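In case you want the letters, here they are:
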Amino acid sequence: MMHTQWKQLAAAALAVPLLFLACTGKTKGGFTVELSYTNGDHIVAQYYDRQTHDSAIAMTNPPVYLEAIPYGGDMQPVVLDSAVLKGKSGEVTLKGTGEDEGIYQLFIRNGPVVLLINDVQKIKVSLDLSKRENYYTVSGSEASDHLKSFISKYDEKAMVINRILGRIDSLKQLGGSDSLLIAATNQKTSAIAALNEYVSTFIDKADSPAESIFALGLGSRSFQREEFGRLLNNVVKKFPEHRPLARLKSTYDMQQAQLNRVNESSTTWTGRQAPDLTLPNVDGKPISLASFRGKYLLVDFWASWCGPCRQENPNVVAAYRQYKDKNFTILGVSLDKTKDNWVKAIHDDELNWTQVSDLQYWNSKAVEVFKFEGIPFNVLIDPQGKVIAESLRGPELESKLQEVLK
C-alpha cells in the first residue's frame, strides 16, 4: 500500500463524522522515532515533459516528516519534525510531543507513509523504499505493530467486498440471471458481516485507546448505529483516563440526543396503519397503495434528481430480486418533475416494479399524505396494511426483509 493509499485510509479512519477534536500523543511530554532506511534512490519525482509526456526521475535527498493526525475529517496533519534522507541508506531521528496517546505518521515526499502510535517514548522503524507492500517493520511500540497488522487484514477483507461489488456490476451490465445476482448479493452481505466482525473483535481486544479510535473510525462506515455505540461505550470504559475518548463520547451522546429529538418530533409511521395513496403509473393508470394488500410492500419514495436515492437504488434492486417470490413487492413513488427523466431513471437503474408519480415535485400528494421531509425514504407494510418499519437503507433493509420473509 503506497503513500496515497495510506493517507486515504488514515483520513477515512479518523474522519468519523462525530469527531471534531484534535488529538496528539501520549508519553507525558515527548517521544522519538528512530528511522533506518534502505534503497533511498527508489524515491522518484514526477515531472512533465512536452515531448515525452509524463516521466520520472530519482529524487535526491527526499524529506521525511513526522506528523500528528488530528481526529476529524476537516483538519490537516500537523508537522512536528522533519529530516532529510541522504543517500541510499541511513538513519534519522524525529521528535514528537503530545499529551494523550494518538495517531502519527511518517510521511516521505513521493514515498510511502508509516502510521504510528506513541505508546512508548522510543519507536524504531525500519523502511525499505524499494518495496510496494510490507515495506516497513516497527519495534518498541506494540500499538504501532498492532495497527500495521490491523490495516493489512482490514485491507484484505475490504478487497474481497470490492471484488464482489465488481462482480455484481458486471452481472448487471451483462444481464446476469436473478439467481446469480442474489448469490453475489448474499456473498456481499456475508463479506461485510465478516469485516464488521473482524473490526469488532479487534476493538474489543485492543490494549491501546488510539488503536481503538482508529478502528472505530473505519468501522463507522459499515457498522449499524447500535453496534458503533456499544463498541464506543466499551472502549470508554476500558480507557477512562483517555481525554480524546471522553470528548468523543460526549460529542456522540449529544448527537444521539439531538437525533432522537428529531425522530420524536417527526411523523413516525411504524406501528400504524398505512394511509391510502393513489397516483398514476407510467402509463397514466391510477394505482392505489391499498391494492397491494395481502403482500409485504416496500413503498420507496425517490426521484431521478436525488443523488442519494440513485446511490441507494442498487440495494433496493438487490432486495427486490432476492425476495420478490416471497410474497414481497415494491411500489416506487417518485417526486420527479418531468416524465422523461423519471422513465429514464427507472430504466437506467433497473427498477422493475410498479412506479407511480404525479410529477409534482415536493407538491406531490405523496408528501402531503406521508409527511416526509427528505428522500430517500421508505416504509415497509405488512400484508394487513400495517407499517412495520421505515427509513430502511443498505444493510438495514436486507436485515429487516430477512427477518420478516423467512
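What counts as what
Residues numbered from 1 in each chain as written. Predicted model: local features only at pLDDT ≥ 70, side-chain atom pairs only at ≥ 80, totals over all residues. Heavy atoms only, no water. Helix = DSSP H or I, 4+ residues; strand = E, 2+ residues; numbered from the N terminus. Buried < 20%, exposed > 50% of the residue type's maximum accessible area, 1.4 Å probe, protein only. Contact = heavy atoms within 4.5 Å. Areas by Shrake-Rupley, 256 points an atom, 1.4 Å probe, with all protein chains shown as cover. Expected span 1.5 Å × (residues − 1). Arc of directions from axis to C-beta. Pairing = 2+ DSSP bridges. Axes fitted to C-alpha atoms, helices over the stretch in contact; angles between N-to-C directions.

This next bit is on the overall build of the protein. Helix and strand counts for the protein stand at 10 helices and 17 strands. Sorting the 406 residues of the protein into buried and exposed places 48% on the buried side. Residue pairs at least 24 apart in sequence account for 67% of intrachain contacts in the protein once pairs closer than 6 positions are excluded. When the accessible surface of the protein is totalled, it reaches about 20,300 Å², and 50% of it is carbon and sulfur.

Moving on, we come to the environment of Ile-151. Looking at the secondary structure, you find Ile-151 in helix α2 (residues 142–173). Judged by relative accessible area, Ile-151 falls into the buried class, the value being 2%. As for Ile-151 and Ala-215, which are separated by 64 residues in sequence, their C-alpha atoms are 8.8 Å apart.

Turning next to helix α5 (residues 225–238). In a regular helix each residue adds 1.5 Å, so 14 residues correspond to 20 Å; α5 covers 20 Å between its end C-alpha atoms and thus fits that length. Among all positions in α5, only Phe-228, Gly-229, Leu-231, Leu-232, Val-235 and Val-236 are buried. The buried residues of α5 occupy an angular sector of 165 degrees when the element is viewed end-on, so they sit on one face. Opposite its buried face, α5 presents the exposed residues Glu-226 and Lys-237, each directed more than 90 degrees away.

A word on the sheet that holds strand β8 (residues 113–117). Reading across from one edge, β5-β4-β7-β8 is the order of the four strands in this open sheet, with antiparallel pairing throughout. The open sheet terminates on both sides in strands that have one partner only, identified here as β5 (78–84) and β8. Sheet twist, expressed as the average angle between the axes of neighbouring strands with direction ignored, equals 20 degrees. Bridge count between strand β7 (residues 103–108) and β8: five bridges; the pairing is antiparallel. If you follow Gln-105 over to β8, its bridge partner there is Leu-115. Sheet strands in contact with α2 are β7 and β8, and its direction is about 130 degrees off that of β8.

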